[in-house]
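# Observations on the three-dimensional arrangement
Here's the letter readout for the chains.
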Amino acid sequence: MNNTILYGRISKDIECKYSQSGVARASFGLAVNRKYATADKNVDFFNITAFGKKAEVLERYFRKGSRIVIYCHPQQEQYTRRDGTKVDTVSFILDDFDFVDSKQESKIQSEPMPVPNDDFMDVPDGVEDEGLPFN
């Protein structure tokens, strides 16, 4: 059995589609940073497919840029182009996932950034950290 764990960011908003029998299906891209980047590439993009209730939960709670951990298995597919050439592809079928961002972080990512409030003042030079109330 092949199992894969991917940690990355969702590359576009997730949209569910439903089969004639009512089963939800969500396909989306996942951007995963490479541990060892090369000069020409430091991110890999994987195609992920989720089914059923998990697909609906993903659509509801995740947005473009959301961080996620995905537990999945690879699925190899082969098709023939119109010109007769055969193409092999690998996609990943989601088995489970974990939230990485807190509810607040997810909300912030899906809303426009607020305009900074000028009510805060800079800490003057020479003030020691022990005197600050948030230490």
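Report follows, based on the coordinates. Being a predicted model, the structure only gives us computed values, none of them experimental. (Residues numbered from 1 in each chain as written. Predicted model: local features only at pLDDT ≥ 70, side-chain atom pairs only at ≥ 80, totals over all residues. Heavy atoms only, no water.)

### A short note on the nonpolar core
Leu 30, Ile 48, Leu 58, Ile 68 and Ile 70 are the most contacted members of the largest nonpolar core, which totals 20 residues. Elements that contribute at least two residues to this core include exactly strand E1 (4-10), strand E3 (24-33), strand E4 (43-51), helix H1 (52-61), strand E5 (67-80) and strand E6 (86-99). Tallying contributions element by element places E3 first for this core, with 5 residues. Contact partners of Ile 68, with chain neighbours within four places excluded, come to Leu 6, Tyr 7, Gly 8, Ile 10, Leu 30, Leu 58, Phe 62, Phe 97, Asp 98 and Val 100. (Core = buried A, V, L, I, M, F, W, Y, C linked by side-chain atoms within 4.5 Å. Buried < 20%, exposed > 50% of the residue type's maximum accessible area, 1.4 Å probe, protein only. Helix = DSSP H or I, 4+ residues; strand = E, 2+ residues; numbered from the N terminus. Contact = heavy atoms within 4.5 Å.)

### Section: the pairing of E1
Two elements, E1 and E5, share 6 bridges in a ladder whose sense is antiparallel. Bridging from a neighbouring strand, Thr 4 pairs with Cys 72 of E5. As defined by bridge partners, E1 adjoins E3 across 2 bridges and the pair is classed as antiparallel. Along E3, the bridge assignment pairs Ile 10 with Leu 30. (Pairing = 2+ DSSP bridges.)

### Description of the packing of aromatic side chains
Considering all chains together, one arrives at 5 aromatic pairs under this definition. Aromatic side chains Tyr 61 and Phe 99 sit 6.1 Å apart centroid to centroid with 75° between the ring planes, which places their arrangement in the edge-to-face category. With Tyr 61 in helix H1 and Phe 99 in strand E6, the pair connects residues that are 38 residues apart, well separated along the chain. The exposure class of Tyr 61 is partly exposed, given its relative accessible area of 38%. A connected cluster of aromatic rings, assembled from ring pairs, spans Tyr 61, Phe 62, Phe 97 and Phe 99. (Phe/Tyr/Trp six-rings, centres within 6.5 Å; stacked < 30°, edge-to-face > 60°.)

On their own, these measurements won't tell you what the molecule is for.
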